[in-house]
Amino acid sequence: MKRKSLQQLPLHLMLLPGVIFTLIFSYIPMLGIVIAFQKFVPARGIFKSKWVGLENFIYLLDMPNTFQVLWNTVYIAIMKIIAGLIVPIIISLLLNEVGNKIFKRTVQTVVFLPYFLSWVILGGILIDVLSPSDGIVNKFLGILGIEPIFFLGDDKVFPYTMVISDVWKNFGYSTVVYLAALTNIDPGLYEAAIIDGAGHWKRTIHITLPGIVPIITLMAVLSLGNVLNAGFEQIFTLYSPLVYRTGDIIDTFVYRIGMVNAQYGVATAVGLFKSVVSFMFIMLSNKLAYKYAGYRVL
Amino acid sequence: MVIRETTGRKVFLVFNYLFLGLVAFLCIAPMINVLAISLSSKSAAAGGLVKFWPVDFTVDSYKYALGKNEFITAFFVSIKRVILGYFINIILAVLTAFPLSRRSTVFKWRNAYSVFFVFSIIFSGGIIPTYMLIKYLGLLDTIWALVLPSAVSVLNVILLMNFFRELPNEIEEAAFIDGADYWKVLYSIYIPLSKPALATVSLFILIGHWNSWFDGILYMNKMENYPLQSYLQTVIVTTVNLTMSLEEMEKIQKVSDRTFKAAQVFLTALPILMVYPFLQKYFMKGLVLGSVKG
C-alpha cells in the first residue's frame, strides 16, 4: 500500500504547475466576485473597499438599459445557435451528394478558412465590404436597385449582420464535423437500400440523416451553454453607439461599465449574473449530453 | 452495380454543384475583394472601382505598412508572445494531460483533479476580478499578462488526454517491471508515441496566441506593448467606434486610407493563411482525437 502511493508521487508533481496556474488565474478571480458586493476602489483593494450589500444589483435593476442588454444578448445568441445548427447540416448533406472529390475538397477548404481567422481580421474585412458608400456589398445591391443598407450602423439590421457573419466564420467547422460523421455510416446500409429499390431521397431520409442524428443532438445540446454568449469579440469589434439599442450585449456592457466608466462593482455584479446563469446552462447541457449521447467532457 | 440516374436526379446534381459553388464563392468573395483593394491604387480603391482584381496594381500599401514603426513593434510583440506562450502551453498541457489520462483505479486522485480543471472552464470570475488580479500582480504592460492567464489551456489538455488514453496500458506495466517511474514512462514512451497529437495541439496553441487580441487591449496601457492583432483592432475600429453622424462617418471612411487598412489586415492574416493547408489536415486529426471518449 505504501509503495503504491510512492509511485504516484510523480503524477502529483506533474499536475502541480497546472494546478498552481489554475488556482491563481481562475480560482482567485472567482473569489474576486466579492467586488460585486462592494463599492470597489482599486487603491483600497477587496479587503478595504466599502461593503454595500446588494446595492450594485439594485442599481442595475433601476437602470433602463439593463433588460434591453439582456434581451439583446439572448436574442442574438439564440439566433446564432439555431443558424449555426441548421446551416452546417444542410451544407454537409449537400456536399455528401457531390461525387467529384476535387470539387468537394475545394468547397470544404474554402468554407473552413474563416474559422481560423480572428474577429479582428474578419472585422476589418466586414467593415470594408459592408460600408454603405464604397463597400462591394452595397455596390452590388445598387445594381439590383436596392438602396444602400448600413449593415453595421442601422440598429434594425445590426443583430442580423452579427448572426450572418457569425455563420460565415463558424459554419465550416460544424460542416467538417458532420462530414466526418457521414463517412462513418456503414456503406452496407446504402447497398441494402439500393437493392430494396430506395432512391437517393429515401436513402438520405432513412439512412444518412439518422446516421448523424446523434452528433446533431450532441452539438445542439452543447450549444445550450452559449445562451448568454452573443459573441463578445465580434460585437466589440463591429458595434458602435449607433447600434447600442439592439447590439449592446452583456459582455460589451460589462466592459464599458467596468473598464471605461470604472464602476467596478456594478460591472462585476453583471459578470456574476452571467457566470451563474451560464454555469447552470452548461451543467444542464452536459447532463443532457451524457443522457442522450453518452458524452463526457473529461 | 449500375446506378441509373433519373432526370430529376440530374437536375438536382446540377443545382447542387451550382449552389455549393455559390456558397463557397460567397465565403471567400469578401476576402478576395479586400485583398484586391489592398493591391490597388488609393484613388481606384476610394472610387469604389475594385471588385475581385486589383485596379492600378501596386504594393505601396504593403510597403507603407511594413515601414511603419507601430506595425513592426506590434509584430515583434506578437512573435514574442507566440513563442513564450507556446512553450508554456505545450509543457503544461503535456504535464497535465498525462496524469489525467491514467485510469482512476490506478491514480485515485484523478477524478478530483479533473473536476478541479473542468470547473475552471465552466465558471469564471469575469473580466473585472481577473483584470484586478493582473493589476495587483504587477503584470499590466508586461508580456506575462498575455501568456500566464492562459497557461493551462484545458481544451488542449482534453485533446492530449484522449490521445494518451488510446495508448495500450501494457506499455506502462512493462515499463514498471523494468523499473521505470512515471517520469520515465512519459518522457521515453508517451511523448515519442504522441507526435501526431502533439503536432495538432501545437498548431492550435500557435494559432490561438497569434489570433488573440482582447487580452492585449485589456492589459496593455501603452500602445507599444500591443501585439499585432490588438494593434490592428484599434486601427480598424477607429472609424466606426466614434459617436458621429452617418455623413461624418462616411466622409472619414472615404478619406481614411482604405488600401492601407486592407494591407494591414492581410499582413496580419498572412501567417494563418500560410499554415492553413496543414491546419486543415491536422484539424481533422484533432477532431478524431477529440471525439474519442474514455
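The shown structure was predicted, so the numbers you read here are calculated from the model rather than taken from an experiment. (Residues numbered from 1 in each chain as written. Chains lettered and ligands numbered in written order. Predicted model: local features only at pLDDT ≥ 70, side-chain atom pairs only at ≥ 80, totals over all residues. Heavy atoms only, no water.)

(A) Region of the structure containing the interface of chain A and chain B. Residue-level contacts link 99 residues of chain A with 107 residues of chain B. For the salt bridge of D128(A) with R258(B), the shortest nitrogen-to-oxygen distance reads 2.7 Å. Scanning the region where chain A abuts chain B turns up 19 residue pairs in polar contact (both at pLDDT 80 or more). Among the elements that take part in the side of chain A that touches chain B, helix 1 (residues 2-31) of chain A stands out by supplying 22 residues, more than any other. (Contact = heavy atoms within 4.5 Å. Salt bridge = Lys/Arg side-chain N within 4 Å of Asp/Glu carboxyl O. Polar contact = N/O pair within 3.5 Å; in protein donor to acceptor, adjacent residues only side chain to side chain. Helix = DSSP H or I, 4+ residues; strand = E, 2+ residues; numbered from the N terminus.)

(B) Representation of the pattern of salt bridges in the model. Counting across every chain of the model gives eight salt bridges over all chains. D251(A) is paired through a salt bridge with K274(A); the nearest N and O atoms lie 3.0 Å apart. Here the residue D251(A) occupies a position in helix 13 (residues 250-260), and K274(A) occupies one in helix 14 (residues 264-293), the gap between them amounting to 23 residues. There is no split in this pair, since D251(A) and K274(A) are both buried. One salt bridge in this structure joins R81(B) and D215(B), with 2.8 Å as the shortest N-O distance. Placement of R81(B) in helix 4 (residues 69-100) and of D215(B) in helix 12 (residues 214-219) is noted, with a sequence separation of 134 residues between them. For R81(B), a relative accessible area of 1% gives the class buried. (Buried < 20%, exposed > 50% of the residue type's maximum accessible area, 1.4 Å probe, protein only.)

(C) The arrangement of helix 6 (residues 119-129) of chain A in detail. For helix 6 of chain A, the buried fraction is high: 11 of the 11 residues fall into the buried class. Every buried residue of helix 6 of chain A is accounted for by W119(A), V120(A), I121(A), L122(A), G123(A), G124(A), I125(A), L126(A), I127(A), D128(A) and V129(A).

(D) How the structure looks around the nonpolar core. Counting 180 residues, the largest nonpolar core has L117(A), I125(A), F158(A), I235(A), M31(B), F98(B) and L160(B) as its most contacted members. Per-element accounting of this core gives the leading share, 14 residues, to helix 4 of chain B. Leaving out residues up to four positions away in the same chain, L160(B) has contacts with A93(B), V94(B), A97(B), A197(B), L198(B) and V201(B). (Core = buried A, V, L, I, M, F, W, Y, C linked by side-chain atoms within 4.5 Å.)

(E) Geometry of the domain arrangement of chain A. All names here are of chain A. Its domain assignment divides chain A into domain 1 (1-53) and domain 2 (56-293). Between domain 1 and domain 2, the contact holds nine residues from the first and seven residues from the second. Carbon and sulfur atoms supply 73% of the area buried between domain 1 and domain 2, which totals about 640 Å² over both sides. A per-residue breakdown of the area domain 1 buries against domain 2 is headed by I33, I35 and A36, which together make up 54% of the total. (Domains from an automatic or database assignment. Buried area = accessible area lost by both parts, 1.4 Å probe.)

(F) The arrangement of a nonpolar patch on the surface in detail. On the surface, L9(A), L13(A), L16(A), I20(A) and W183(B) cluster together into a nonpolar patch covering about 450 Å² of accessible area. A per-element tally of the nonpolar patch places helix 1 of chain A first, with four residues. Within the secondary structure, W183(B) sits in helix 10 (residues 182-193). (Patch = residues over 30% accessible without salt bridge, like charges linked within 9 Å, V, L, I, M, F, W, Y side chains within 5 Å. Areas by Shrake-Rupley, 256 points an atom, 1.4 Å probe, with all protein chains shown as cover.)

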